[in-house]
Amino acid sequence: MDLVYLSILWLFCCVPVVTIGASTAALYDAVVHCCRRGEEGVLDRFFSTFRRELKRCILLWLPGIALIAVWCGSALFVLSTGDGAMPTLLLANLIVTGILLWGSLLWLFPSESRFTLSFGDCWRLALKLALSHFPATLLLLAVNAAAALACLTWLFPLLLLPGLCCFLNSLFIEKAFQPLIPSVDPT
């Protein structure tokens, strides 16, 4: 039931697009601490993380929005160019940059919720994790793309899939975080 509450909170807190990062960091933190580790206070955990991370996550998310806009514009251009060698090369480039962009975004906000890093270091860590855990990144992308497609097709999955995807993502992300976390985790 906690995943349903968290999914609804995440959705509600994402309504202003600039807060998607803070909402995602809060969702990840609450899922890891309350759903995976069994800690109490899922709603308190979500809102305290959301408030704590709001300003930083807005600043982290704004370049993400810009990169997504450029990527989507490039996708529209490539898809409208027709057949030939150049569009095929552009399409291959679009796929690679898309995997790097979307993959990095899947690692960015969990990293922000778990570590205290500078703005640039957080983006670098997300890209490094996306590349160094490439098979996991591809799996995360596939799971999240399937969930997004389900939510765009039917509305009711929005009540569970954000929290469930975050839970599934955390299985891979937390494993990748283990070498980066000190032996005694203060969070």
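Structure shown above.
Engineer: What is the right way to look at the overall build of the chain in this model?
Structural biologist: A tally of regular secondary structure across the chain gives seven helices and zero strands. A compact globule built from 187 residues would reach a C-alpha radius of gyration of about 16 Å, and the chain, at 17 Å, matches this within 12%. Counting every position in the chain, which comprises 187 residues, the buried fraction comes to 41%. In the chain, the share of contacts with a sequence separation of at least 24, taken over all contacts with a separation of at least 6, comes to 72%.

Engineer: Can you help me understand the side chain of Glu53 in this one?
Structural biologist: The topology assignment puts Glu53 in helix 3 (residues 42-80). Other than its neighbours up to four places away in sequence, Glu53 contacts Ala22, Glu112 and Ser113.

Engineer: Just checking my understanding: could you explain the environment of Leu90 for this structure?
Structural biologist: Within the fold, Leu90 resides in helix 4 (residues 85-114). Note on Leu90: relative accessible area 26%, which makes it partly exposed. The sequence separation of Leu90 and Ala75 amounts to 15 residues, and the corresponding C-alpha distance is 8.9 Å. Apart from the residues lying within four places of it in its own chain, the contact partners of Leu90 are Phe77 and Val78.

Engineer: How do you make sense of the layout of surface pockets when you look at a structure like this?
Structural biologist: Summary: where empty space remains is shown by rolling a probe the size of a single water molecule over the atoms. In this model, the largest pocket occupies a volume close to 1100 Å³. As for the largest pocket, its lining consists of 33 residues, of which Trp10, Trp102, Leu106, Asn144 and Ala148 are closest to the centre. At the level of secondary structure, the elements contributing two or more residues to the lining of the largest pocket comprise helix 1 (2-13), helix 2 (20-36), helix 3, helix 4, helix 6 (134-153) and helix 7 (161-177). Broken down by element, the lining of the largest pocket gets its largest block of residues, eight residues, from helix 4. Among the residues making up the lining of the largest pocket, the classes are represented as 29 nonpolar, four polar and no charged. The space that makes up the second largest pocket amounts to roughly 210 Å³. In terms of lining, the second largest pocket is formed by 13 residues, of which the most central are Glu53, Glu112, Ser113, Phe115 and Thr116.

Scoring rules and cut-offs
- Residues numbered from 1 in each chain as written.
- Predicted model: local features only at pLDDT ≥ 70, side-chain atom pairs only at ≥ 80, totals over all residues.
- Heavy atoms only, no water.
- Helix = DSSP H or I, 4+ residues; strand = E, 2+ residues; numbered from the N terminus.
- Rg over C-alpha atoms; globule rule 2.2 N^0.38 Å.
- Buried < 20%, exposed > 50% of the residue type's maximum accessible area, 1.4 Å probe, protein only.
- Contact = heavy atoms within 4.5 Å.
- 1 Å grid on protein atoms, 1.4 Å probe; cavity = no way out; pocket = protein on both sides within 12 Å on 5 of 7 lines; lining within 4 Å.
- Points joined across faces, edges and corners; volume = space filled by probe spheres on them.
- Nonpolar A, V, L, I, M, F, W, Y, C, P; charged D, E, K, R; others polar.

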